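Observations on the model geometry
Given next are the chains, with one letter for each unit.
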Amino acid sequence: MTEGGAERLAGIPMGERVLLLPHCLRPSQACPGRPSRDGLACPTGCTVECSIRALREEALCLGYKAVCVAPGGALALRFVQDAAPRAVVAIACAKELREGEDAARAFSGARPEVVVLALSRDGCVDTEVNLEDALRLLRS
Ligand code: SF4
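Residues numbered from 1 in each chain as written. Predicted model: local features only at pLDDT ≥ 70, side-chain atom pairs only at ≥ 80, totals over all residues. Heavy atoms only, no water.

**Here's the deal with the pairing of strand 1 (residues 17-22)**
- Counting buried positions along strand 1 gives six out of six residues, so the element sits mostly inside the fold.
- Neither face of strand 1 is open: one carries Arg17, Leu19 and Leu21, the other Val18, Leu20 and Pro22, and all of them are buried.
- Bridging between strand 1 and strand 5 (residues 87-92) involves four bridges; their strand directions are parallel. In the strand pairing of strand 5, leucine 20 is matched with alanine 90.
- Here strand 1 pairs with strand 4 (residues 66-70) via five bridges, running parallel. Bridge pairing links leucine 21 to valine 69 in strand 4. (Buried < 20%, exposed > 50% of the residue type's maximum accessible area, 1.4 Å probe, protein only. Helix = DSSP H or I, 4+ residues; strand = E, 2+ residues; numbered from the N terminus. Pairing = 2+ DSSP bridges.)

Rendered as C-alpha coordinates:
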(Lines give C-alpha, C1' and ligand atoms only; values in the text may rest on other atoms or scores of the structure.)
Protein backbone atom coordinates (compact mmCIF):
# COMPACT_ATOMS: atom_id res chain seq x y z
CA MET A 1 0.00 0.00 0.00
CA THR A 2 1.10 3.55 -0.55
CA GLU A 3 2.87 4.75 2.57
CA GLY A 4 0.34 6.21 5.00
CA GLY A 5 -2.58 5.53 2.64
CA ALA A 6 -5.16 4.96 5.35
CA GLU A 7 -4.05 8.08 7.20
CA ARG A 8 -4.36 10.17 4.05
CA LEU A 9 -7.93 8.96 3.53
CA ALA A 10 -8.99 9.63 7.10
CA GLY A 11 -11.32 12.60 7.28
CA ILE A 12 -12.36 12.39 3.64
CA PRO A 13 -16.05 11.37 3.59
CA MET A 14 -16.89 8.14 1.73
CA GLY A 15 -19.17 10.10 -0.59
CA GLU A 16 -16.22 12.14 -1.80
CA ARG A 17 -14.09 9.15 -2.76
CA VAL A 18 -14.00 7.01 -5.89
CA LEU A 19 -12.57 3.56 -6.50
CA LEU A 20 -10.52 2.77 -9.57
CA LEU A 21 -9.96 -0.88 -10.46
CA PRO A 22 -7.88 -2.39 -13.27
CA HIS A 23 -9.58 -4.39 -16.00
CA CYS A 24 -6.97 -7.17 -15.64
CA LEU A 25 -8.44 -8.21 -12.25
CA ARG A 26 -11.38 -9.84 -14.02
CA PRO A 27 -11.34 -13.65 -14.19
CA SER A 28 -10.76 -13.80 -17.94
CA GLN A 29 -12.18 -17.30 -18.53
CA ALA A 30 -15.46 -16.80 -16.70
CA CYS A 31 -16.18 -13.08 -16.84
CA PRO A 32 -19.30 -12.08 -18.80
CA GLY A 33 -18.45 -8.36 -18.58
CA ARG A 34 -18.15 -6.24 -21.71
CA PRO A 35 -16.00 -3.20 -22.43
CA SER A 36 -17.93 0.05 -22.64
CA ARG A 37 -17.21 3.75 -22.94
CA ASP A 38 -17.28 3.95 -19.13
CA GLY A 39 -15.04 0.94 -18.49
CA LEU A 40 -15.91 -2.69 -17.96
CA ALA A 41 -19.68 -3.14 -17.75
CA CYS A 42 -20.71 -6.05 -15.52
CA PRO A 43 -24.12 -7.64 -16.04
CA THR A 44 -26.49 -7.04 -13.14
CA GLY A 45 -26.40 -9.92 -10.70
CA CYS A 46 -23.13 -11.45 -11.96
CA THR A 47 -22.31 -14.25 -9.52
CA VAL A 48 -18.81 -15.15 -10.67
CA GLU A 49 -16.32 -15.12 -7.78
CA CYS A 50 -14.37 -12.00 -8.51
CA SER A 51 -12.35 -9.35 -6.67
CA ILE A 52 -13.88 -6.63 -8.82
CA ARG A 53 -17.36 -7.56 -7.68
CA ALA A 54 -16.37 -7.78 -4.02
CA LEU A 55 -14.59 -4.43 -4.07
CA ARG A 56 -17.24 -2.60 -6.06
CA GLU A 57 -20.04 -3.87 -3.81
CA GLU A 58 -18.14 -2.83 -0.70
CA ALA A 59 -17.27 0.61 -2.05
CA LEU A 60 -20.86 1.34 -3.09
CA CYS A 61 -22.19 -0.05 0.19
CA LEU A 62 -19.82 2.29 2.07
CA GLY A 63 -21.15 5.23 0.04
CA TYR A 64 -18.31 5.80 -2.43
CA LYS A 65 -19.28 8.27 -5.12
CA ALA A 66 -18.42 5.99 -8.05
CA VAL A 67 -16.43 2.95 -9.14
CA CYS A 68 -14.70 2.47 -12.49
CA VAL A 69 -13.08 -0.65 -13.91
CA ALA A 70 -10.72 0.88 -16.43
CA PRO A 71 -8.78 -0.80 -19.23
CA GLY A 72 -6.23 1.99 -19.30
CA GLY A 73 -5.00 5.33 -18.10
CA ALA A 74 -6.93 7.56 -20.52
CA LEU A 75 -10.30 6.28 -19.37
CA ALA A 76 -9.23 6.34 -15.74
CA LEU A 77 -8.17 9.96 -16.04
CA ARG A 78 -11.46 10.97 -17.70
CA PHE A 79 -13.39 9.15 -14.96
CA VAL A 80 -11.52 11.00 -12.22
CA GLN A 81 -11.90 14.35 -13.96
CA ASP A 82 -15.65 13.81 -14.43
CA ALA A 83 -16.26 12.57 -10.88
CA ALA A 84 -14.07 15.28 -9.31
CA PRO A 85 -13.61 13.38 -6.02
CA ARG A 86 -11.51 14.49 -3.07
CA ALA A 87 -9.86 11.06 -2.95
CA VAL A 88 -9.12 8.23 -5.36
CA VAL A 89 -8.48 4.72 -4.07
CA ALA A 90 -6.79 2.82 -6.89
CA ILE A 91 -5.62 -0.74 -7.35
CA ALA A 92 -2.87 -0.77 -9.95
CA CYS A 93 0.20 -2.48 -11.34
CA ALA A 94 3.60 -0.77 -11.41
CA LYS A 95 3.18 0.28 -15.05
CA GLU A 96 -0.23 1.86 -14.46
CA LEU A 97 1.10 3.53 -11.37
CA ARG A 98 3.84 5.25 -13.40
CA GLU A 99 1.32 6.26 -16.07
CA GLY A 100 -1.04 7.56 -13.40
CA GLU A 101 1.69 9.67 -11.86
CA ASP A 102 2.49 11.18 -15.28
CA ALA A 103 -1.20 11.86 -15.89
CA ALA A 104 -1.61 13.42 -12.46
CA ARG A 105 1.07 15.98 -13.29
CA ALA A 106 -1.08 17.14 -16.20
CA PHE A 107 -4.31 17.03 -14.18
CA SER A 108 -6.31 20.15 -14.86
CA GLY A 109 -8.79 20.15 -11.95
CA ALA A 110 -8.23 20.31 -8.19
CA ARG A 111 -5.95 17.36 -7.46
CA PRO A 112 -7.51 14.61 -5.36
CA GLU A 113 -5.63 12.60 -2.77
CA VAL A 114 -4.57 9.39 -4.57
CA VAL A 115 -3.97 6.23 -2.55
CA VAL A 116 -2.75 3.18 -4.44
CA LEU A 117 -2.67 -0.47 -3.47
CA ALA A 118 -0.36 -2.54 -5.70
CA LEU A 119 -1.52 -5.80 -7.23
CA SER A 120 -0.22 -8.86 -5.41
CA ARG A 121 0.14 -10.71 -8.73
CA ASP A 122 1.07 -8.53 -11.66
CA GLY A 123 0.72 -9.19 -15.40
CA CYS A 124 -1.89 -8.15 -17.91
CA VAL A 125 -4.43 -10.96 -17.42
CA ASP A 126 -5.96 -12.60 -14.34
CA THR A 127 -4.05 -10.44 -11.92
CA GLU A 128 -4.70 -10.57 -8.19
CA VAL A 129 -4.99 -8.20 -5.26
CA ASN A 130 -4.87 -8.94 -1.55
CA LEU A 131 -8.60 -8.62 -0.96
CA GLU A 132 -8.33 -8.15 2.79
CA ASP A 133 -5.84 -5.30 2.38
CA ALA A 134 -8.00 -3.71 -0.29
CA LEU A 135 -11.18 -3.91 1.80
CA ARG A 136 -9.34 -2.52 4.81
CA LEU A 137 -8.11 0.39 2.73
CA LEU A 138 -11.59 1.12 1.37
CA ARG A 139 -13.00 1.26 4.91
CA SER A 140 -10.23 3.40 6.38
S1 SF4 B 1 -18.31 -8.97 -11.51
FE2 SF4 B 1 -16.30 -9.77 -12.13
S3 SF4 B 1 -16.75 -11.63 -13.27
FE4 SF4 B 1 -18.66 -10.50 -13.13
S5 SF4 B 1 -18.74 -9.29 -15.03
FE6 SF4 B 1 -17.80 -8.00 -13.46
S7 SF4 B 1 -15.60 -8.33 -13.66
FE8 SF4 B 1 -16.62 -9.97 -14.76
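**Looking at the pairing of strand 4**
- Among the five residues of strand 4, five are classified as buried, and the element is accordingly described as predominantly covered.
- Here strand 4 shows a buried face lined by Ala66, Cys68 and Ala70 and a second buried face lined by Val67 and Val69.

**Quick word on the packing of helix 2 (residues 51-62) against helix 5 (residues 131-139)**
- Here helix 2 crosses helix 5 at 15 degrees, and the two axes come no closer than 10 Å. Taken together, the axes of helix 2 and helix 5 lie roughly parallel to each other. Between helix 2 and helix 5 the crossing geometry is right-handed. The segment helix 2 lies against helix 5, with Ser51, Ala54, Leu55, Glu58, Ala59 and Leu62 engaging Leu131, Ala134, Leu135, Leu138 and Arg139.
- The class makeup of the residues in the contact of helix 2 with helix 5 is eight nonpolar, one polar and two charged. (Axes fitted to C-alpha atoms, helices over the stretch in contact; angles between N-to-C directions. Parallel < 35°, antiparallel > 145°, perpendicular 65-115°, else oblique. Left-handed = near helix turned anticlockwise from the far one by under 90°. Contact = heavy atoms within 4.5 Å. Nonpolar A, V, L, I, M, F, W, Y, C, P; charged D, E, K, R; others polar.)

**Focus on the site of the ligand**
- Surveying the vicinity of the ligand reveals 14 residues, the closest of which are Cys31, Gly33, Cys42, Cys46 and Cys50.
- For the shell around the ligand, the element with the most residues is helix 2, which contributes three residues. (Near = heavy atom within 4 Å.)

**What about the sheet that holds strand 6 (residues 113-118)?**
- Here four strands make up an open sheet; going across it, the order is 4-1-5-6 and the pairing parallel. Both edges of this open sheet fall to strand 4 and strand 6, since each of them pairs with a single strand only. Taking each pair of neighbouring strands and ignoring which way they run, the sheet shows an average axis angle of 20 degrees.
- Two strands pair when backbone bridges link them, and strand 5 and strand 6 are joined in this way by six bridges, in the parallel orientation. From the neighbouring strand, alanine 92 faces strand 6, where its bridge partner is alanine 118.
- Against the sheet, helix 5 makes contact with strand 1, strand 5 and strand 6, and its axis sits at roughly 165 degrees relative to strand 6, the strand it touches most.

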